[in-house]
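Tertiary structure, described
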Amino acid sequence: MAEYDENEGYTRDYRDRYAGLPVTQVDPDDETGDLPAPDSVAWRLSAEVYDSNRDFADMFARFMERVDTTRVSAVVIGSWQEAYDTSSEEVVRLLVDNAARFPALRSLFVGAMPMEECEISWIHQSDVTPLLEAFPLLERLDVRGGTGLGLRPVRQGSLRTLRLETGGLPGAVVRAVGNCDLPALEHLELWLGVEQYGGDATLADMEEILSGVRLPALRYLGLQDSEIEDEIAAAVATAPVVARLETLSLSMGMLTDAGAEALLTGQPLTHLRRLDLHHHYLSDEMIKRVQEALPGVEVDLSDQEQGEDEGDGEVWRYVAVDE
């Protein structure tokens, strides 16, 4: 299975692979089982596979007893049990308080739960800034769930990938991302979601990201899963950051012919290796125009949606991931 496939939505829970490593987990009740080398796997910590009487803190302590965490490079946090009712604050605190015991940690996913366990907008997150502060060598941070998610502007010189998967990303978090100093960041992916689930980001909140001033190494930009995808496309058409990108993703949202027209009449996109527009509302004619305008670019125009006619000329459209 590929490590990441946007077309799978948020069904990926990283039980197989994460950060290029096979995923494994420790059964805290197994005293004899052989464990792989700590740096050869990504370690999954998820309360749903254990006795309901064992809380996440107990499980985390058992993990640190059995595994040489000084060699652990990747951790996947699944459920902290009542994730729909309890925030990730304790998870963040446990990681931060024990940061000295994880000097090799480079990749971290907080909230890797598929919809069968917890709908994405039911996952209660917290301020993840302490993770970036406590792990200055962290190279990849993935977070799923926007409810309660917080971020403050910080400088982190090692982070290469930042992915925030949400059904509604607060504008304050989008602004904070743009105001962070992330000189090594190559991959930025924001699932903006819908207002109903807290996705209130505006174009003004994205200005710093689109300027690229604090993102000199950025090569992949995803501003996706948005109700205002047409507006984003129009802003991207003149955004300074685009010139340095290899991949641009405006996928999973409500992109229509108006947004695609803005892209085609804006700055050249022929330098891109990949343009991801999957899950869109483009007409057949516009699909053809986009393909013909970018012959050397890999363009993903899969998942053409039609919307639903609500009468009076109104069409109901939806993003790929919301609740």
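For the structure itself, consult the block above.
Structure report, in brief. (Residues numbered from 1 in each chain as written. Predicted model: local features only at pLDDT ≥ 70, side-chain atom pairs only at ≥ 80, totals over all residues. Heavy atoms only, no water.)

Describing the pairing of strand 2 (residues 21-24)
The condition is simple: Strand pairing follows a simple DSSP-based rule, namely that at least 2 bridges must link the two strands. Here a strand is any run of E in DSSP of at least two residues, a helix any run of H or I of at least four, and the numbering for each starts at the N terminus.
Relative to strand 2, strand 1 (residues 17-18) runs antiparallel, the two sharing two bridges. Looking at strand 2, one finds that Tyr18 is bridged to Leu21. What sits between strand 1 and strand 2 in their antiparallel hairpin is a turn of two residues, with Ala19 showing a positive phi close to 55°. Inspection of the sheet shows strand 2 paired to strand 3 (residues 42-45) by two bridges, in the parallel sense. Note that in strand 3 the partner of Thr24 across the bridge is Trp43.

As for helix 8 (residues 284-293)
Filter applied, for reference: Categorising residues by exposure relies on relative accessible area from a 1.4 Å probe, with only protein chains included: less than 20% of the type maximum marks a residue as buried, more than 50% marks it as exposed, and the intermediate range marks it as partly exposed. It is the directions from the helix axis to the C-beta atoms whose arc is reported.
Within helix 8 the residues assigned to the buried category are Met286, Ile287 and Val290. Buried positions in helix 8, seen along its axis, are confined to an arc of 105° and lie on one side of it. The exposed set on the far side of helix 8, more than 90 degrees from its buried face, consists of Asp284, Glu285, Lys288 and Glu292.

Section: the pattern of salt bridges
In a structure, side chains of opposite charge can pair up when their charged atoms sit close to one another. Heads up, the rule is: By definition, a salt bridge exists where a carboxyl oxygen of Asp or Glu is found within 4 Å of a side-chain nitrogen of Lys or Arg.
A full pass over the atoms with the stated rule returns 20 salt bridges. Between Glu65 and Arg62 there is a salt bridge; the shortest N-O distance is 2.9 Å. You can see Glu65 and its partner Arg62 sitting in helix 1 (residues 56-66), three residues apart, about one turn around the helix. Residue classification places Arg62 among the buried positions, given a relative accessible area of 13%. Residue Glu298 is joined to Arg274 by a salt bridge in which the shortest nitrogen-to-oxygen separation is 3.2 Å. Pair noted here: Glu298 is in strand 12 (residues 298-300) and Arg274 is in strand 11 (residues 274-276), with a separation of 24 residues, a long-range link. A network of salt bridges, in which partner residues are shared, links Arg140, Asp142, Arg144, Arg163, Glu165 and Glu189.

Looking at the packing of helix 6 (residues 229-236) against helix 7 (residues 257-265)
Our working definition: Each axis is a line fitted through C-alpha atoms, and for a helix only the stretch in contact is used; angles between axes span 0 to 180 degrees, taken between their N-to-C directions. Oblique is the label for any angle not under 35 degrees, not over 145, and not in the 65 to 115 range, which are roughly parallel, roughly antiparallel and roughly perpendicular in turn. Whether two residues are in contact is decided by their heavy atoms: any pair within 4.5 Å suffices. The residue classification treats Ala, Val, Leu, Ile, Met, Phe, Trp, Tyr, Cys and Pro as nonpolar and Asp, Glu, Lys and Arg as charged. All others, Gly included, are polar.
At their nearest, the axes of helix 6 and helix 7 sit 8 Å apart, and the two run at 5° to each other. With respect to helix 7, the element helix 6 is oriented roughly parallel. On helix 7, the residues that touch Asp230, Ala233, Ala234 and Val236 of helix 6 are Ala258, Gly259, Ala262 and Leu263. Among the residues making up the contact of helix 6 with helix 7, the classes are represented as six nonpolar, one polar and one charged.

Description of the pairing of strand 7 (residues 161-165)
Here is the rule: With the strands pointing away from the viewer, any crossover whose connection runs clockwise from the first strand over the helix to the second is right-handed.
In terms of residue burial, strand 7 counts as a mostly covered element, since five of its five residues are buried. Across five bridges, the pairing between strand 6 (residues 140-144) and strand 7 is parallel. What sits directly across from Arg140, in strand 7, is Thr161. Judged from the four bridges that link them, strand 7 and strand 8 (residues 187-193) form a sheet pairing that is parallel. What sits directly across from Leu162, in strand 8, is Leu188. As for the winding sense of the linkage, the β-α-β connection from strand 7 through helix 4 (residues 171-179) to strand 8 is right-handed.

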